[in-house]
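Okay, here's what each chain looks like letter by letter:
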Amino acid sequence: MSSIKDQKKTIKINEIFYDIEGEGKYQGYPTLFIRVTGCNLRCKWCDTKYAYFNGKNISIKKIISIIKKSPYKNVNITGGEPLLYKKTINLITKKIKNKIITIETNGSISIKGIKADNISMDLKLPSSGESDKMILSNLKLLRPKDQLKLVIGSYEDMIYANKILKKYKVKSTIIAQPVYKKFKLINIKNFVLKNKLNWKVSIQMHKMFEKDV
Ligand code: SF4
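Positions within a chain are numbered from 1, following the residues in the order the chain's sequence is written. Residues qualify for local features only when their pLDDT is at least 70, as the model is predicted, and side-chain atom pairs are given and counted only at 80 or more; totals for whole chains, interfaces and linings, by contrast, use all residues.

Under the DSSP-based scheme used, a helix requires at least four consecutive residues in state H or I and a strand at least two consecutive residues in state E, with every element numbered from the N terminus. Across its full length, the protein chain carries seven helices and nine strands. With C-beta atoms placed from the backbone, a residue counts as buried when 20 or more other C-beta atoms lie within 10 Å of its own, as exposed when 12 or fewer do, and as partly exposed for counts between those limits. The 213 residues of the protein chain split such that 36% are buried. Looking at the protein chain alone, contacts between residues at least 24 apart form 72% of all its contacts between residues at least 6 apart. By the convention adopted here, residues make contact when the C-beta atoms placed from their backbones lie within 7 Å.

Following this line, the structure appears as structure tokens:
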């Protein structure tokens, strides 16, 4: 049970909205998105720069209420970087039953102790400019029900990811998807088949909606 003091704690939130999940194993499902403000990285191809600073403080109590009222099963706590608020987010997730909570994280903060149904972690690759910020020991903490995302912008990215994932035995699903308009999907398909990898090849579906495909 969280205390009344805990319930008054706040998180700086950039936006809360309903949309179709564009990535990962829940891709295609209507989802409540809660985007926190702030990120400790600056990826070259970041598409959520607007979340670096803007937002307003919302209490845990209010966020729990919004989640409970959502008509959808799936909830995605994203950013920015949600683990900047790790303890506060755990206070929220442990109060929620009957929802599937995904927490998206960039891989640069320890995922130890996160309470979520699905940890969706990035392994930032060289084209992001932030690959040296990864805590590689996180890879060993991913559970079979979690997912590891590789956002690929070059051949070098695939070679780099393959080398790291050969070293760290990752138990979660590995999802490989191209940086939108920067790298061809077919290149990932060919690399996965040529190297006999168990990566799930995917796309960023939310970008397709922008194009109205
Ligand atoms: S981790 Fe995510 S929000 Fe942060 S800079 Fe990279 S892409 Fe943007």
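So, on to the site of the ligand. As a structural note, the neighbourhood of the ligand is formed by Cys39, Leu41, Arg42, Cys43, Cys46, Thr48, Gly79, Gly80, Glu81 and Asn106. The residue inventory of the shell around the ligand, partitioned by class, reads four nonpolar, four polar and two charged. To decide whether a residue is near a molecule or strand, its C-beta atom is placed from the backbone and checked for lying within 6 Å of it. Only Asp, Glu, Lys and Arg are considered charged in this grouping, and only Ala, Val, Leu, Ile, Met, Phe, Trp, Tyr, Cys and Pro are considered nonpolar; every other residue, Gly among them, is considered polar.

Of all the six residues making up strand S5 (residues 100-105), five are buried; the element is thus mostly covered by neighbouring parts of the structure. Think of it this way: DSSP has to see at least two bridges between two strands before they count as a pair. Sheet topology note: the strand S4 (residues 74-78)/S5 ladder contains four bridges and is parallel. Residue valine 75 lies in a different strand from S5, and its bridge partner there is isoleucine 101. With the strands aimed away from the viewer, a crossover counts as right-handed if its path from the first strand over the helix to the second runs clockwise. Between S4 and its parallel partner S5, the chain crosses via helix H3 (residues 86-93), and the hand of that crossover is right-handed. The pairing of S5 with strand S6 (residues 118-122) spans four bridges and is classified as parallel. Opposite isoleucine 103, over in S6, you have isoleucine 119 as the bridge partner.

Take the sheet that holds S6 next. Spatial ordering of the open sheet is given by S3-S1-S2-S4-S5-S6-S7-S8-S9, a layout of nine strands whose pairing is mixed. Strands at the two margins of the open sheet, each flanked by one partner only, are strand S3 (56-59) and strand S9 (199-201). Between one strand axis and the next, the sheet turns through 30° on average, direction left out of account. Alignment of strand S1 (residues 10-20) against strand S2 (residues 30-36), held across seven bridges, turns out to be antiparallel. Axes here refer to lines fitted to C-alpha atoms; in helices the fit is confined to the stretch in contact. Angles between the N-to-C directions go from 0 to 180 degrees.

To form a nonpolar core, buried Ala, Val, Leu, Ile, Met, Phe, Trp, Tyr and Cys residues must be joined through C-beta atoms within 7 Å. Ranked by internal contacts, the top residues of the largest apolar core, which has 37 residues, are Leu150 and Ile152. The element that contributes the greatest number of residues to this core is strand S7 (residues 147-152), accounting for four residues. When near neighbours in sequence (up to four residues on either side) are disregarded, isoleucine 152 contacts Leu125, Asp157, Met158, Ala176, Gln177, Pro178, Val179, Phe183 and Ile188.

Bringing the packing of helix H2 (residues 60-69) against H3 into the picture now. Following both chains from N to C, one finds H2 and H3 inclined at 45°, their axes separated by 9 Å at the closest point. As far as their axial angle goes, H3 and H2 are oblique. Judged by the sense of rotation from one axis to the other, the crossing of H2 with H3 is right-handed. The segment H2 lies against H3, with Ile60, Ile63 and Ile64 engaging Thr88, Leu91 and Ile92. Tallied by class, the residues present in the contact of H2 with H3 amount to five nonpolar, one polar and no charged. If an angle is under 35 degrees, it is roughly parallel; if it is over 145, roughly antiparallel; if it lies from 65 to 115, roughly perpendicular; otherwise it is oblique. The handedness criterion is simple: a crossing whose near helix is rotated anticlockwise from the far helix by less than a right angle is left-handed, and one whose near helix is rotated clockwise is right-handed.

Strand direction decides the pairing type here: S7 and strand S8 (residues 173-178), joined by six bridges, are parallel. When the sheet's bridge partners are listed, valine 151 is paired in S8 with glutamine 177. For the segment spanning S7, helix H5 (residues 155-167) and S8, crossover handedness is right-handed. With helix H6 (residues 185-194) bridging S8 and its parallel neighbour S9, the resulting β-α-β unit is right-handed.

In this structure, the amide linkage connecting glycine 79 to the following residue, glycine 80, adopts the cis form with an omega of 10°. Along the chain, the position of glycine 80 falls in the loop between S4 and H3. A positive phi angle is found at asparagine 98, which is not glycine, with a value near 65°. Of note in the backbone geometry, lysine 196 takes a positive phi value of approximately 55° without being a glycine. Here lysine 196 is to be found in the loop between H6 and S9. We classify lysine 196 as exposed; it has 6 C-beta atoms within 10 Å.

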